[in-house]
Amino acid sequence: TRVALQIKNILGTPSNPVLIVNCGGKVFINSTYSYGVNITNSKYFVIDGSLGSDEYGIKIDNNDISQGLHLSGRTSHFTIRGVEILRAGFAGIMAKSDPYCTNTVTRQNFSMDSILIENNWIHDTKAGEGMYIGYTFPTKLITPCSLQVESHRSRRIIIRNNLVERTGADGI
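From a predicted model like this one, the values you see are computed outputs, not experimental measurements. (Residues numbered from 1 in each chain as written. Predicted model: local features only at pLDDT ≥ 70, side-chain atom pairs only at ≥ 80, totals over all residues. Heavy atoms only, no water.)

Q: What is the right way to look at the sheet that holds strand β13 (residues 131-133) in this model?
A: Sheets are built from strands paired through backbone hydrogen bonds, the pairs being either parallel or antiparallel. Taken together, the five strands give an open sheet; going across it, the order is β1-β4-β7-β10-β13, and neighbouring strands pair in parallel fashion. Because the sheet does not close on itself, it has two edges, and the strands there are β1 (5-8) and β13. Ignoring which end each strand starts from, the neighbouring axes of this sheet average 5° apart. Bridge analysis of strand β4 (residues 35-40) against strand β7 (residues 67-72) gives five bridges, and the strand direction is parallel. Looking across to β7, one finds that Y35 is bridged to Q67. (Pairing = 2+ DSSP bridges. Helix = DSSP H or I, 4+ residues; strand = E, 2+ residues; numbered from the N terminus. Axes fitted to C-alpha atoms, helices over the stretch in contact; angles between N-to-C directions.)

Q: I would appreciate a short explanation of the side chain of K96 in the present structure.
A: Examined against the element boundaries, K96 turns out to sit in the loop between β10 (93-95) and β11 (111-118). Owing to a relative accessible area of 10%, K96 belongs among the buried residues under this scheme. Setting aside its immediate chain neighbours within four residues, K96 contacts L71, S72, M112, Y132, G134, Y135 and H152. (Buried < 20%, exposed > 50% of the residue type's maximum accessible area, 1.4 Å probe, protein only. Contact = heavy atoms within 4.5 Å.)

Q: I keep staring at the pairing of strand β5 (residues 43-48) and nothing clicks. Help me out?
A: Two faces, one strand: in a regular strand the side chains alternate between the faces of the sheet. For β5, the tally of buried residues reaches five of six residues, placing the bulk of the element in the interior. When strand β2 (residues 18-21) meets β5, the two strands line up parallel, connected through four bridges. When the sheet's bridge partners are listed, V21 is paired in β5 with D48.

Q: Where do I start with the nonpolar core in this structure?
A: One recurring pattern in soluble globular proteins is that nonpolar side chains are buried together. Residues I47, L69, L71, I80 and I93 are the most contacted members of the largest nonpolar core, which totals 25 residues. The element contributing the most residues to this core is β11, with three residues. The residues touching L71, leaving out its near neighbours within four places in the chain, are I39, F45, F78, I80, I93, M94, A95 and K96. (Core = buried A, V, L, I, M, F, W, Y, C linked by side-chain atoms within 4.5 Å.)

Q: Explain the packing of aromatic side chains here, please?
A: Any aromatic ring pair is given by two values, namely how distant the centres are and how the planes are angled relative to each other. Overall, the coordinates contain four aromatic pairs when judged by the stated rule. Ring centres of F90 and Y132 lie 6.1 Å apart, and the angle between their planes is 50°; this geometry places the pair in the tilted category. Here the residue F90 occupies a position in the loop between β9 (83-86) and β10, and Y132 occupies one in strand β13, the gap between them amounting to 42 residues. (Phe/Tyr/Trp six-rings, centres within 6.5 Å; stacked < 30°, edge-to-face > 60°.)

Q: Which parts of the structure should I look at to understand the environment of H152?
A: Relative to the helices and strands, H152 resides in the loop between β15 (148-150) and β16 (153-160). The spatial distance from the C-alpha of H152 to the C-alpha of S97 is 7.5 Å, given a sequence separation of 55 residues.

Q: I tried to follow the side chain of D113 on my own but got confused; where do I start?
A: Looking at the secondary structure, you find D113 in strand β11. A distance of 3.3 Å separates polar atoms of two side chains, one belonging to D113 and the other to S114. At 2.6 Å, the side chain of D113 and the side chain of R156 are in polar contact. Discounting chain neighbours no more than four positions away, the residues touching D113 are S76, H77, R155 and R156. (Polar contact = N/O pair within 3.5 Å; in protein donor to acceptor, adjacent residues only side chain to side chain.)

Okay, structure coming up:
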C-alpha cells in the first residue's frame, strides 16, 4: 500500500521494455496527491497488474482529487494493462504532454506514439473522462509564459477490452 507513486526517466528499448508489475500480491495506491501514479519523461515500458492471480493486480484510488494514472512530459511507447482506477477527480488515465516554457512539447518536436491500453477497469471518475488520451485536434495552446504552440500528435494508439463505467464526462 502506497500514498502515491512518481516515476521519472524510465528508458527501456523496443525489444526490452522496462516492466512495472505487482509482486507478491495486489498493489494498492490510495492517493491524496493530484495523481495516484505519475509517469514523466519515460519511453518503452509496460505497467502490468495482470501477471499475478488478480485480474487487476494494481489498484489506484485517487480519492476524487485529480488523475488516477498520469502519463506526461514526453512519455511515449508504453502499455498499461491489469490496472483498476477508481475515484479519479478528473481522468482515470490522462496521457498527454502539455507544453511548458522550459520544456516545450509541440507538434514539431514530439509525438506520443505506440500506446496500448488494454484490460483495465476504470470507474467512478468525478468530473472528467475515464481516459483522456492526447489532444482531440491540433490546436494552439498558450504556455504559462504566453508562448503559443500547436499540441503534439498522437499515433498508433490502441485501446481495447477495458471496462469504463460511471464517468463524469466521456468514457474515452
